[in-house]
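Observations on chain architecture
Letter by letter, the chains look like this.
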There are 10 protein chains.
Amino acid sequence: MDKVAMTEAIIVAKKTKNLSWEQIGEAIGMSPVWTTSACLGMNSMPEDTATALCRFMELPAEVSQALQEYPTKVWDQAVPTDPLIYRLYEIVGVYGPTLKEVIQEKFGDGIMSAIDFNMSVEHKADPKGDRVVVTMDGKFLPYKAW
Amino acid sequence: MDKVAMTEAIIVAKKTKNLSWEQIGEAIGMSPVWTTSACLGMNSMPEDTATALCRFMELPAEVSQALQEYPTKVWDQAVPTDPLIYRLYEIVGVYGPTLKEVIQEKFGDGIMSAIDFNMSVEHKADPKGDRVVVTMDGKFLPYKAW
Amino acid sequence: MDKVAMTEAIIVAKKTKNLSWEQIGEAIGMSPVWTTSACLGMNSMPEDTATALCRFMELPAEVSQALQEYPTKVWDQAVPTDPLIYRLYEIVGVYGPTLKEVIQEKFGDGIMSAIDFNMSVEHKADPKGDRVVVTMDGKFLPYKAW
Amino acid sequence: MDKVAMTEAIIVAKKTKNLSWEQIGEAIGMSPVWTTSACLGMNSMPEDTATALCRFMELPAEVSQALQEYPTKVWDQAVPTDPLIYRLYEIVGVYGPTLKEVIQEKFGDGIMSAIDFNMSVEHKADPKGDRVVVTMDGKFLPYKAW
Amino acid sequence: MDKVAMTEAIIVAKKTKNLSWEQIGEAIGMSPVWTTSACLGMNSMPEDTATALCRFMELPAEVSQALQEYPTKVWDQAVPTDPLIYRLYEIVGVYGPTLKEVIQEKFGDGIMSAIDFNMSVEHKADPKGDRVVVTMDGKFLPYKAW
Amino acid sequence: MDKVAMTEAIIVAKKTKNLSWEQIGEAIGMSPVWTTSACLGMNSMPEDTATALCRFMELPAEVSQALQEYPTKVWDQAVPTDPLIYRLYEIVGVYGPTLKEVIQEKFGDGIMSAIDFNMSVEHKADPKGDRVVVTMDGKFLPYKAW
Amino acid sequence: MDKVAMTEAIIVAKKTKNLSWEQIGEAIGMSPVWTTSACLGMNSMPEDTATALCRFMELPAEVSQALQEYPTKVWDQAVPTDPLIYRLYEIVGVYGPTLKEVIQEKFGDGIMSAIDFNMSVEHKADPKGDRVVVTMDGKFLPYKAW
Amino acid sequence: MDKVAMTEAIIVAKKTKNLSWEQIGEAIGMSPVWTTSACLGMNSMPEDTATALCRFMELPAEVSQALQEYPTKVWDQAVPTDPLIYRLYEIVGVYGPTLKEVIQEKFGDGIMSAIDFNMSVEHKADPKGDRVVVTMDGKFLPYKAW
Amino acid sequence: MDKVAMTEAIIVAKKTKNLSWEQIGEAIGMSPVWTTSACLGMNSMPEDTATALCRFMELPAEVSQALQEYPTKVWDQAVPTDPLIYRLYEIVGVYGPTLKEVIQEKFGDGIMSAIDFNMSVEHKADPKGDRVVVTMDGKFLPYKAW
Amino acid sequence: MDKVAMTEAIIVAKKTKNLSWEQIGEAIGMSPVWTTSACLGMNSMPEDTATALCRFMELPAEVSQALQEYPTKVWDQAVPTDPLIYRLYEIVGVYGPTLKEVIQEKFGDGIMSAIDFNMSVEHKADPKGDRVVVTMDGKFLPYKAW
């Protein structure tokens, strides 16, 4: 079973059991963002987490096996078209050099890791319209001289 | 004076006076991220803020004028090459569909605005290596039927 | 049933019953443009509208289910080739900076939303050749400083 | 004087005299959208209109000459990055096939001309947030068999 | 039956009956170029012409139905690789600005329509090597001011 | 003097003397299309033709020299944006495979040369709107087996 | 049978019978390069040659039919990745302008035909490492003035 | 002096002295193709060859210096547009897989080097039209297992 | 059996038998990197090595046959997206010109071969975090003059 | 002084003083690869190293200042054309998935850092032709679950 079939199996079970990513994450003791990314095939799960997920969602062992595989992370669209994802891309385009200035002012020459990294999404109520709050938290990696 | 010359003038003054974006933002009562983006030519400043910045940095009136212009936001690299900015792009590629799932689960069909939007950067000390925390906060815009 | 199969089922029923998008929109109390876009898989329908459409067109419940899914909006051609669609692209290329000037002169720095948005198409009779009138109506979103 | 220098001269005069595109269009008896597009170098002006514009804005004869030249319409970004213009591009991507369905249902096989074409922008007040209304009006051109 | 299956059916019948595009066009009273383009799925046929073609070629009613559908005109290669088609592309690249100069000198600011358009191919005998003569005939569309 | 400077010099002289491409071609005994293409730097002129052109237009010897240079034919836009040139590109996209079918039916496997090639533009009066007639005439080159 | 299936059938027969391209070319009285290109679907064979090949390789009549079809020459990779083919591409990049200089010095303004063209490959023994010798032989086509 | 200025200086001297690449190559005892490529900045010359060239062409020492620099080989057009160079590119597209088959049949798995490589151009008289003969001669490099 | 099916068969056997690339390489007396590349279809195996691998992994003769085929090396992503592979691409972008300077300083004008080439990967323990050591070893190929 | 001017100043001084990158690196106590990359503008130098370099090479203080700036790492060619750099790119294309397999087998799911990274180049004498040995040494970064 490859990652594509695995994702399909999980999505079907999720709809049938009427579960949210929030609930699935909670059931396996992990955050909803990371849980979703692993179920969409963009992260690998440790064995016990994969087992827990399959037990909770009543999915067969091949799904657990597929969840544990190390993924090859591929995306087709250099510039994404879906409006929700494009807005994130646009933020990188508009604010990328700004973030470089501000991060390197605080930390020196280096980058924010996208590997030693986590992320969360919050719902913030607001009378003028509710707001999405995305928090990215990555280790600072300084360039080294040699 | 166009935005490119404006940015150069601000960068020179910033170095000469040994100022940080943090200090400049504080002096005009705005966040460092937004202040930087306006100085890099990616946002327009209201007149009083532009005036305050030029007074604080001892910059001429044309700089203030240029800061108030509405920018045309252009970036050349569909896929950015600078490692710090590329990591942000990679996060959009790896986690874009995940964020779509998680945000739309919480909010319904719609997007996070990149216009009615703000962002901050924090330094989080960590014995295993300090961490960069980027927080994005955008209004949720639901698709409307008609 | 995914959105592609859904669209095919709707198109077949539309031909068999000899219906127009105009009639389908009217039957569910929505505009023809929005109705078409949802049937082509580019918008999600609220449950009652989807139910009404399937009842009117005698389509099974899976079609209704698929109409309610939140779509991932993807298009393959960065520059469209079909002449009708290319002309719209050309209008964006030729008149994009003009619209930016005129809209921002009227509204200040910001954009026209493509989310809080609706659109209609009218047929205008003209002795020199009938005319297509496309009207776009989107909320103005001002950039915010922070 | 080429079109680029012409546009710069007009923009400088427009700022100096504190004019809007609305006022310039009115002074020469043309719509603000078309007037702007000609001033940005994307349409050619008939001689009398160009003369009137230069008289009104106190610009020299070379500007009038340049306004009358037939432009070569070039844009660099196949996918525009400025958010206001990108939203228009997104509308073409999301709604292009929908417009094709709806227009060809009303008119038969053919296209909306982008040459025998005009466009306007309106400001619509709305308590929930003002709205931009863009109206495109193009001649329908049927495909011919031969 | 979609346009791809339609084209395949026509090509098979054409080979079986040993017909040329010339003969097929003649049989339905249309030019060979337009007939070919409709059979390749790049133009729609009026009902009577489609019926005549299917009667002549002994093809079933679904082919006629498919010939009448309004096509979505798509090509994959922005730069075509087949040498015969590339040479046409090269002519546009080498002579495009020349044609713009010469056409606009004769007609004013505007374009040659590719919609209100027809084309023919002739064989011209020549002792130094026979020649292909392609004639394009399109309505001139002047830009309009508004 | 390179080809770019040469073209500028010719354009200036053409405007000053109020000449058309038609007249220039006639003066040197060549067609207007070929004459224009050589003046735009896309073909090289034999010495006597270049001399005749410079005598007629009162241009210096360097222009003649530059007209005789063998050009490197370069265009920047794989997909042209100017509407007049795009329509030609669209014709290649829509009718390219059709022309391949029709030409190879008449001539066998091979191509129409774009080198041993000429082209003309005619104005055809028409009460429903004048028409542009472009005629391409290229030697047929058969593929050879070896 | 299309060209892809034809190539597969030929490759299978070639392996089963343990034949080389050299032997196949010899059997049909043609060069190995041209024979290979026709078998890979990039050239069409005259009827008698196709018949001879199928008789020699014991292939059915549909293969012969497919070999005679005029191919549409398509390649997917604008920049080829296979190292052997990339080196040829690199030679065009590095030496293309050099070949233009040297050929046009010898022949005047024009090109080497890729249609009236043949090519061979030789093995040249060399104590420092054997060498590949590729010889291209194409008709010179002069640009013509008109 | 960089390679661009060097090439310009050589081209000017070549025209002034009315020299051919053939003559320049002969004067320095090298082939015309390699000599041209070094003068166009695509190969580096050993010191004595560079000195000989500058003495022969009466060029200053900086040109010799620049000829000896190791070039960074850059080309802008992934797909070249000049017809002479495009035909070479087309040959790689059409015959690349064929050359791979034929070379690897003769030599085993490996490539023809584009580094340990030389090339020549011959003029072959032919009553049906003279022919260009390009010969490439590169060392075969076998893949090694380890 | 093509290379894709071959890779799948090997991967299945590798999992079933719980083997590492290290062990497979050792069993056939080759390095793990080269063994992996041949199993992924990017190098061809000599007959005896392929036989040894299939005997060791209990795979049928077709797998051995497929391992011996000369591969066409194709990759789809000009810029790879998987983070592990992208980092290698980034190293080429950031350090490519540096490696050119340093290698050509040590060796003269030429390149490091990617054909007469081998590579290894080592695990280096480090208290601050283990390190990956990749060693590339390629023959230097000097450019030759002719 | 920006990084481009800085690099030019260093290159001029390097030639004038006839220094190698090896010698410059030794003089400042750093490796030649890192020293070169900083001088080419792809890494920032700590203040004391920059001072040492400028003292050794007799360069002014602005060069030292520019060496200390944090660079924005930009490269223009997604696929590099220079043969030395292309071979490195080819290695990533051919062996990228292999390295992923081998590294992740040794280390688990994660990547080799290109930031906490160093690299060296060695000259290895070999009677069959000297060899280039490139060693990359990067910290392994494991993906973290959260």
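Residues numbered from 1 in each chain as written. Chains lettered and ligands numbered in written order. Predicted model: local features only at pLDDT ≥ 70, side-chain atom pairs only at ≥ 80, totals over all residues.

A closer look at the interface of chain B and chain A
With 56 residues of chain B at the interface, the matching set in chain A holds 56 residues. The set of elements that each furnish at least two residues to the side of chain B that touches chain A consists of helix 2 (21-28), helix 3 (32-39), helix 6 (83-107), strand 1 (110-124) and strand 2 (131-142) of chain B. Ranked by residues supplied to the side of chain B that touches chain A, first place goes to helix 6 of chain B with 23 residues. When the residues that make up the side of chain B that touches chain A are grouped by side-chain class, the tally is 33 nonpolar, 10 polar and 13 charged. As paired strands, strand 2 (residues 131-142) of chain A and strand 2 of chain B are joined by 9 bridges and run antiparallel to one another. When the bridges of strand 2 of chain B are listed, Val134 of chain A appears paired with Met136 of chain B. (Contact = placed C-beta atoms within 7 Å. Helix = DSSP H or I, 4+ residues; strand = E, 2+ residues; numbered from the N terminus. Nonpolar A, V, L, I, M, F, W, Y, C, P; charged D, E, K, R; others polar. Pairing = 2+ DSSP bridges.)

Considering the domain arrangement of chain A
Each domain of chain A was delimited in the assignment, giving domain 1 (3-68) and domain 2 (83-142). The C-alpha centroid of domain 2 of chain A is placed 26 Å from the C-alpha centroid of domain 1 of chain A. (Domains from an automatic or database assignment.)

Regarding the relation of the copies chain A and chain J
Mapping chain A onto chain J leaves a residual RMSD of 0.0 Å; the transformation is a rotation of 180 degrees accompanied by 0.0 Å of translation along its axis. Here the two chains are linked by the operation of a two-fold rotation axis. For chain A, the residue whose C-alpha comes nearest the rotation axis is Ser113 of chain A, separated from it by 4.7 Å. (Least-squares fit on C-alpha atoms with pLDDT ≥ 70 in both.)

Re the pairing of strand 2 (residues 131-142) of chain E
Residue and element names in this part refer to chain E. With 9 of its 12 residues buried, strand 2 lies for the most part within the structure. Relative to strand 2, strand 1 (residues 110-124) runs antiparallel, the two sharing 11 bridges. Counted as the bridge partner of Glu122 is Val133 from strand 2. Linkage of strand 1 to strand 2, two consecutive antiparallel strands, is achieved through a turn of 6 residues, within which Gly129 is found at a positive phi near 130 degrees. (Buried ≥ 20, exposed ≤ 12 C-beta atoms within 10 Å, placed from the backbone.)

Looking at the sheet that holds strand 1 (residues 110-124) of chain I
Reading across from one edge, 1(I)-2(I)-2(J)-1(J) is the order of the 4 strands in this open sheet, with antiparallel pairing throughout. Taken across any chain shown, the strands that pair with only one partner, and hence form the sheet edges, are strand 1 of chain I together with strand 1 (110-124) of chain J. Shown here is a sheet whose adjacent strand axes are inclined to one another by a mean of 20 degrees, direction ignored. Contacting strand 1 and strand 2 (131-142) of chain I together with strand 1 and strand 2 (131-142) of chain J, helix 6 (residues 83-107) of chain I runs over the sheet at an angle of about 20 degrees to strand 1 of chain J. (Axes fitted to C-alpha atoms, helices over the stretch in contact; angles between N-to-C directions.)

Some points on the interface of chain A and chain J
Opposite the 21 residues of chain A that make contact, chain J presents 21 residues. Of the residues forming the side of chain A that touches chain J, the biggest block, 6 residues, is contributed by strand 1 (residues 110-124) of chain A. Grouping the constituent residues of the side of chain A that touches chain J by class yields 10 nonpolar, 8 polar and 3 charged.

So, unusual backbone geometry
Excluding glycine, most residues fall at negative phi; most peptide bonds, likewise, are trans. All names here are of chain B. Unlike most non-glycine residues, Asn18 shows phi in positive territory, near 55 degrees. With respect to the helices and strands, Asn18 occurs in the loop between helix 1 (3-16) and helix 2. Looking at Asn18, the number of C-beta atoms within 10 Å reads 7, which means it is exposed.

Section: the environment of Asp130 of chain C
Mapped onto the fold, Asp130 of chain C is located in the loop between strand 1 (110-124) and strand 2 (131-142). Judged by the 14 C-beta atoms lying within 10 Å of it, Asp130 of chain C falls in the partly exposed class. Ignoring any residue separated from it by four or fewer positions in sequence, one finds Asp130 of chain C in contact with His123, Lys124 and Ala125 of chain C together with Phe107 and Phe140 of chain D.

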